Amino acid sequence: MPGSAESQSIRLEFISGQNLRVPSWRIPAGIYIVSINVDSGRHWKSAIRVLSSNNSVVWGDTVTLSSHESPALSVEIRASYEVNQMLGNGEVIGTLQTSLDELLDHGDETFELSFPLVHGVNPSLTLKAAVVHACDNQDGALFDSLVGCEIAQETDAGHAQYAEYSTSKTVSHLNGAVERFQLVLDRCPVDHPDHAAALTNLAWARLHGYIRNDLQDIDTTTSLFHEALALRPQGHPNHTLSLLHLILALNWRYSKERTPVFIHKSVQLCCKLLPLCLEGTYLRSIGVDSAVDYVITECNKLPIDASGEGIHLRRVVLELCPLGQKYRPSALDKLSWALGTRSKQRGSIDDIDESIQLLREAVSLCPEGHSDRGGYLNNLALSLQSRFNHQGKSHDLDEAISMHEEALRLRPVEHKNLDFSLGNLGSALRTRFNKRGDVDDTNRAVSLFREALMLRPPGHPRRDTMLNNLALTLKERYDTLHVIEDLNEAIDLYRESLRVRPLDHPERHLVLSNLSSALWSRFTQAGKNEDIEEAIRLCQESLEALHSLHPDRYFSYIHLKDAYVSRYEMEHNIADLSLAVENFRLASRHPTQGFPNRIATARKWVTTAEQHSHTSALEAYKTCFDLLSSHLSTRSSSISRREAATAFNNTRSLPVDAASCAIRHDNLRRAVELVEQGRGQQWSLASRLRSPLEDLESTNPILAHKFSELSNCLSDAQGSTGSTDRAAADRAASEYRRLTRQWEAVVAEIRNLKTFSRFLLPPSYTELQAAARYGPIIILIASQHSCSAIIVPTSGEPHNVPFPSITLADLEDLKDRFARVIPHASKMDLKQPRNDLIVLLRAVWDGIMLPVVNILEHTLNLKHQSRIWLCPTAAFTSIPLHAAHPFRTKADHSKEPCLEDLYICSYTPTLSALIRSRQMMKKHVPPSFVAIGQGQPGGGNGKALLAVDGELELVHKLVPTTANRFTVSGDAATRAGTLEALEQNTWVHLACHGKQDHNQPYNSHFVMKDAPLTLLDIMEKDIPHAEFAFLSACHTAVGDKETPDEVIHLAAGLQFSGFKSVVGTLWEVDDAVAKHVVEAFYENMVNHVEDGGFMDCTRAAWALNRATHAVKTKVPLEQRMVFIHIGV
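Residues numbered from 1 in each chain as written. Predicted model: local features only at pLDDT ≥ 70, side-chain atom pairs only at ≥ 80, totals over all residues. Heavy atoms only, no water.

## Regarding the environment of Gln345
- Assignment of secondary structure puts Gln345 in helix α10 (residues 328-346).
- Judged by relative accessible area, Gln345 falls into the partly exposed class, the value being 32%.
- Remark: the alpha-carbon pair of Gln345 and Asp1096, spanning 751 residues in sequence, is separated by 60 Å.
- Beyond its immediate sequence surroundings of up to four residues, Gln345 is in contact with Ala306, His547, Leu549, His550 and Pro551. (Helix = DSSP H or I, 4+ residues; strand = E, 2+ residues; numbered from the N terminus. Buried < 20%, exposed > 50% of the residue type's maximum accessible area, 1.4 Å probe, protein only. Contact = heavy atoms within 4.5 Å.)

## Considering the packing of helix α7 (residues 260-273) against helix α8 (residues 282-301)
- Interaxial distance between α7 and α8 falls to 10 Å at its minimum, and their mutual angle equals 135 degrees. Between α7 and α8, the interaxial angle falls into the category oblique. Classified by chirality, the crossing of α8 by α7 is left-handed. The residues of α8 that touch α7, namely those facing Ile263, Ser266, Val267, Cys270 and Leu273, are Val288, Val292, Tyr294, Val295, Glu298 and Cys299.
- Class assignment of the residues belonging to the contact of α7 with α8 gives a composition of 9 nonpolar, 1 polar and 1 charged. (Axes fitted to C-alpha atoms, helices over the stretch in contact; angles between N-to-C directions. Parallel < 35°, antiparallel > 145°, perpendicular 65-115°, else oblique. Left-handed = near helix turned anticlockwise from the far one by under 90°. Nonpolar A, V, L, I, M, F, W, Y, C, P; charged D, E, K, R; others polar.)

## Some points on the confidence of the model for the protein chain
- Mean pLDDT over the protein chain: 86, with 90% of residues reaching 70 or higher.
- In the predicted structure, residues 1042-1046 sits below a pLDDT of 50 and forms 29 contacts with residues beyond four places in sequence or in another chain. (pLDDT = per-residue confidence, 0-100.)

## Regarding the sheet that holds strand β7 (residues 111-114)
- A sheet is described by the order of its strands in space; here 4 strands give the open sequence β4-β1-β8-β7, paired in antiparallel fashion. Edge strands, defined here as strands with exactly one partner in the open sheet, are β4 (57-66) and β7. The sheet shows a mean angle of 30 degrees between the axes of neighbouring strands, taken without regard to direction.
- Bridge count for strand β1 (residues 8-18) against strand β8 (residues 124-133) is 10 bridges, and the pairing is antiparallel. Considered in β8, the bridge of Gln18 is made with Ser124. (Pairing = 2+ DSSP bridges.)

## Some details on the state of the cysteines
- With the rule as written, the count across this model stands at 0 disulfides.
- Here Cys271 is not cross-linked by a disulfide; its sulfur's nearest cysteine counterpart is in Cys270, at 7.4 Å.
- As a non-bridged cysteine, Cys871 has Cys905 as the owner of its nearest cysteine sulfur, 14 Å distant.
- Judged by relative accessible area, which is 2%, Cys871 ranks as buried. (Disulfide = S-S within 2.5 Å.)

## Comments concerning the packing of aromatic side chains
- This structure, assessed with the given rule, holds 12 aromatic pairs.
- Measuring from centroid to centroid gives 6.3 Å for Phe803 and Phe876, while their planes differ by 65 degrees, and the two rings are edge-to-face. Separated by 73 residues along the polypeptide, Phe803 in the loop between β11 (799-802) and α32 (808-826) and Phe876 in the loop between β12 (867-872) and α34 (899-902) bring together distant segments of the chain.
- The buried category is assigned to Phe803, whose relative accessible area is 3%.
- On the basis of relative accessibility, which here comes to 0%, the residue Phe876 falls in the buried class.
- Ring centres 5.1 Å apart and planes at 50 degrees place the aromatic pair Trp987 and Phe1028 in the tilted group. Of this pair, Trp987 sits in strand β16 (residues 987-991) while Phe1028 sits in strand β20 (residues 1028-1032); the two residues are 41 residues apart in sequence, bridging distant segments of the chain.
- Exposure remark for Phe1028: the relative accessible area of 0% places this residue in the buried category.
- What links up through ring pairs into an aromatic cluster is the set Phe929, Trp987, Phe1028, Phe1030, Phe1081, Tyr1082 and Phe1123.
- Seen from the ring of Tyr32, Lys45 lies directly overhead, with NZ or CZ sitting 4.9 Å from the centre. (Phe/Tyr/Trp six-rings, centres within 6.5 Å; stacked < 30°, edge-to-face > 60°. Lys NZ or Arg CZ within 6 Å of the ring centre and 35° of its normal.)

So this is what it looks like as structure tokens:
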């Protein structure tokens, strides 16, 4: 050695190690180095370092050896199976004999020491040796010996024998290792600090023997790993390795005995393990990834379990498959299947929604060309069909068919799942046929099912399903085309399906129910009693197979009610009609079936009860309204609610038919309640989030705050569901339903309060009568069963005013004649007589309003010039009832008074709208008045209105200076500018073009300079301080023709947003003469202000009445009639 021995030492720096493989293949906790002086036996140990994924270790540890030490040196690399405190010295990876002189020969350069082969590679160490002064010695020192206690020696011997067994496969070495490890465990009781390490060593040797079929006691082995893990909880340095050990044991156990409990436990442990093992680490590469992959693969092979536990398992598996993991699409698909299966058993829309979201992701992860894309497309399409069946959204069905088409294209003739794709596309087309009636759809469906059935010949395990589907399609085609061969073939196919479908098949009940329906159809055609008897028996058998909340019970109920109704019509046994009604009741109220089917059933119940004069008719109507309201409440926007309502073509007349039914049952209070509930659903659903809360705040401020917050959240969520991104729209719809459930829970809490039991429930007659506080309400009922009026007085019972000589057809004819006569009259000179119009108004007086006036005058003793409110329904909404006029002269040559001579007429869309407006009336505040005009609309949206500027000047001049007056016109009268003006002022005069959109009334609008101001824009604003609006525009009070007798127009929208009193128009306004009405109106409206009064929006009806009388010589009849008053 160079230099002075007295002042010099040798420093060894162990930098790193490479190719560090463990002879026994056991997974080490870490690797460390041992340097031993051969002569003295003194040693030095490095720190234990964790291997990296490429089997290397970085140390950077140093040891300083005295120059007096013997130059002979032994270097060992050892695997440790514990972090920190070790039991024994671990397993030897490699040993090398060298000397200090050899190490110093490399100078200051790093160099490698290569060790003997282990599993085909040479482990190596990278190090550096240097001579240093003794005073620089700040490094690790030598110790006398390695751990040498008896349990450490036995453990080391066990490791050595186990390593030998791993190489030689000599069972005696395994037995020797097990014996030594067992001996160590016996000497390390439960409270011994090395007990967990002893358990692990023994368990690992036993597990290896089990894998090699040398030892069979896997239960003891697994329990040892369990016990070790319990002693190494989360946070323990050896916790991660213990988790992996137990997972590997459970996986091996499952591979030999496929008991699901073992793989279930592995899944749970894998979820705990993965977050502790980052991507790219040694444990991930050596065992974790393969163990997790095995667990995922085996779980995906398990049968679909729709129980809570089964779905939880699928969620846990999905947690093991982050984005980018190769099994993620499959895990998404399996969870989706479990949810879809549960939805079939329980009817949960949330399960269907989540299933769709999962499958959308699975499809997105499998681009075109991916082998699994067709399967995931097929499954997504099936989930979309389920949601269509539950909610009736047509875009779901269209998307499902498109995906089935794509899936079918991806499955050539020889594809093993071609039959599934053919059948699934057939089912979707059959569903669309039932929705839209296109015979091409059902014909193609039949062809697809026949092709699929050929791929499932007799003996095929799934032939029964295709037999059932083909039969179902043929039967439904028979219902439309009435080809008896289709029906007979369907019955034969159903019977064959039943023969080959096992008695314990989970869907046998469907074939029973479907065959029952086909037999019922043949009974109605041929009248064979044995058909109807068998149909009833089959349905009853189907019901016996299903639990009380199974969604498919609904189908058995509807087939039973069909059978009982038909038998009643044949045999006239009243018991059959009662049984039919009971099944109507059960089907329409079955909670796990989707709303569209239940609404359709309730509607048929109404028809049957009316047809046979059954006492359940009113109950049927009420059920219809309740179901429709619940269905619409799941839709997050006004437009989607209207679309949902119009999807039921035969429900439009329900409100008036219900009222007519109640009238015929002498229950006028019920008639008022039903017509209000049926007609006001669009507005009541929109307004429920704006309910006044003053009373609730004083009773329970915390609950009031919760309700207000959730209402705001729901209101904010409405816009997010309209996304064109279907996945985003689905997520938004799910979130909306989640918020809705929370909101409904708070509403239920509120209803539990003593004085709030009817909070947001359909109002009772007593509550509705509040609308008549300042004058009677006349509800005009136009039903196919009868036409009449109900007068709701300020107090007391309602009065019925029958119109025995008027039918619904008469009213439709009268409406159409007005629609022809008014445009013709508008082209006539002022002084030309409006004879055709006079004839129509006289008919309105004689047949409709005169009987009403007689009750008002002689029964209610209502004084002349009192206020009355007209609430027209159906065809009545298009007839100018307020303008009813006898146009006759009395014997004394005086003119008979018309309706507006006798009373001050207003309209209200519903009684609730009037009540709500009055509830929002606050104490008087100083008015701010804005006149908005747009006579030069942009984008070619109508001709120029030359009189608009003059009208604005006139209004500005007439409004008293006590009001803060503003004008918005010309380029400033934009959509945004007008909305801002509406929000900031209490009184508004609007002069512009107004356009009613009959296809989508929420798109009805005022024409502004840049863009239309729509009804929906107005409804989205909450302006509680607003008071009065004069709409000097065309078509601002014309209702919607499609929704169930709703009044959806611009004037009603302004009333909804907060304006308590509105003047609107029924048809086109001539702006050249409208100014005369406007001038007379404001003169009467504000003439009292100069005498110390204040601007009062409740005077609007009286002012309009006075104005139309005052301008008779200046304004033609049809232009005086065009203006109506709505509200307080």
